[in-house]
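Listed below, chain by chain, are the residues.
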Amino acid sequence: MRKFRLYFDKEKEEAWLNEMCSQGWAMTGFFLGMYTFVPCEFGKYTYQVDMPPISGKLYMRDKKKREYIEFVESTGAEYVCSWGLWLFFRKEAVKGEFKLYTDSESQIRLYQRVRLMFLLIGLYDLWVCMFNTLNFWNYAGDYLLVRHEKLLDLDGGLILVFGLAVVYLMTSVMLGMVARLTIKIRRLKGRTRGFF
Amino acid sequence: MAEKQAAMTEAVYYILLSLQTPNHGYGIIQNTLELTKGRLELGAGTLYGAINTLLDRQWIRLYSEDKKSRKKKQYILTKQGLAALQREVRRLEELVENGKHMLSVDSVELEIPTGEDGCFQMT
């Protein structure tokens, strides 16, 4: 079975994957929002979505990623699949609790990595937004203001507007995630400082 | 960081304790579970990050790498790591001793503030 979902929050994604598993569907693959599921025993696995600290030279990253996967697998978990910087792991529920990040310090670093990724994509999107808006205005400004034509009557007007809406939406989602992650990180930092 | 050492996280503390003899990732998790009677189960991501930080800081080093059974990468404490661990144990000892001492002296005549000034709020 395949299902299309767009998740930007990895906690919500994990909750959904675990919910699917409790209904007898185990996630086995992911590509661009398309999740693949196969039937399994009800609640057989616990899922975790991860973005490990893999940095350094590009040609080393594949090796480091493999090392990381082996490391996690050596603790009794199972590697499911990966997509971009994201990795999906699962562990059989009978083998006990499954959590990759168990203290606030490492959770903070995880969220900082995720935030950096969203920030870079968000900034790129923002640039695309501005560039396209400017282009759009150069093309359509005259028609709209001087000749009072309707936007959707222009050649390719619908595509232009739709395209712009998509990039603006993406930008706001990405930068919105940056804000949410910043709040999360600040909360966690409060926790590491202890009671006072 | 080296001279004036901040308090270690529990993860780092138990990793160092577990590495006085060569040990691998899963061994560290098991050892920590045993020592804390099941209270602290280190997650693989947390452990991986901590091990890499400790390797960078040269508090631990790679002991052996079994090429055949790929998952058995063993680590061991270095001299710096041992020194840091001993410093931390001394620091914790001081905390605990002072706590026990002060509590046993004062608890008899302790007056618990009524909480109006908010200085004794339990959170």
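Refer to the preceding data block for the structure.
What comes next concerns the included structure.

**Here we look at the sheet that holds strand S5 (residues 78–83) of chain A**
All names here are of chain A. The three strands are arranged S4-S6-S5 in an open sheet whose pairing can be described as antiparallel. Each edge of the open sheet is held by one strand with a lone partner, namely strand S4 (45–50) and S5. Direction aside, neighbouring strands of the sheet carry axes that sit 20 degrees apart on average. Alignment of S4 against strand S6 (residues 86–92), held across six bridges, turns out to be antiparallel. By the bridge assignment for S6, aspartate 50 is matched with leucine 87. Packed onto the sheet, helix H1 (residues 10–22) meets S4 and S6 and runs at close to 160 degrees relative to S4.

**Focus on the interface of chain B and chain A**
Counting residues at the interface gives 18 residues for chain B, matched by 20 residues for chain A. Interface area for chain B against chain A, summed over the two sides, is near 1700 Å², with a carbon-plus-sulfur share of 58%. Inspection of the chain B/chain A interface yields one salt bridge. Taking the shortest distance from any N to any O, the salt bridge between Lys73(B) and Glu67(A) comes out at 3.7 Å. The interface formed by chain B and chain A contains six residue pairs in polar contact (both at pLDDT 80 or more). Going through the elements one at a time, helix H2 (25–35) and helix H3 (44–56) of chain B are the ones with two or more residues in the side of chain B that touches chain A. At six residues, H3(B) tops the list of elements feeding residues into the side of chain B that touches chain A. Residues belonging to the side of chain B that touches chain A are distributed by class as follows: eight nonpolar, six polar and four charged.

**Considering the packing of aromatic side chains**
Per the counting criterion, the structure on display carries 15 aromatic pairs over all chains. On the numbers, 6.1 Å between centres and 65 degrees between planes, the contact of Tyr68(A) with Phe89(A) is edge-to-face. Linking Tyr68(A) in helix H2 (residues 58–73) with Phe89(A) in strand S6, this pair joins segments that are 21 residues apart in sequence. On the basis of relative accessible area, Phe89(A) is assigned to the buried category, the value being 0%. The rings of Tyr7(A), Trp16(A), Phe30(A), Tyr35(A), Phe37(A), Trp83(A) and Phe88(A) are connected pair by pair, giving a single aromatic cluster. Over the face of the ring belonging to Tyr45(A) we find Arg90(A), whose NZ or CZ atom lies 3.8 Å from the ring centre. Sitting over the ring of Trp59(B), Arg57(B) keeps its end group 4.8 Å from the ring centre.

Reading the values: rules and limits
Residues numbered from 1 in each chain as written. Chains lettered and ligands numbered in written order. Predicted model: local features only at pLDDT ≥ 70, side-chain atom pairs only at ≥ 80, totals over all residues. Heavy atoms only, no water. Pairing = 2+ DSSP bridges. Helix = DSSP H or I, 4+ residues; strand = E, 2+ residues; numbered from the N terminus. Axes fitted to C-alpha atoms, helices over the stretch in contact; angles between N-to-C directions. Contact = heavy atoms within 4.5 Å. Buried area = accessible area lost by both parts, 1.4 Å probe. Salt bridge = Lys/Arg side-chain N within 4 Å of Asp/Glu carboxyl O. Polar contact = N/O pair within 3.5 Å; in protein donor to acceptor, adjacent residues only side chain to side chain. Nonpolar A, V, L, I, M, F, W, Y, C, P; charged D, E, K, R; others polar. Phe/Tyr/Trp six-rings, centres within 6.5 Å; stacked < 30°, edge-to-face > 60°. Buried < 20%, exposed > 50% of the residue type's maximum accessible area, 1.4 Å probe, protein only. Lys NZ or Arg CZ within 6 Å of the ring centre and 35° of its normal.

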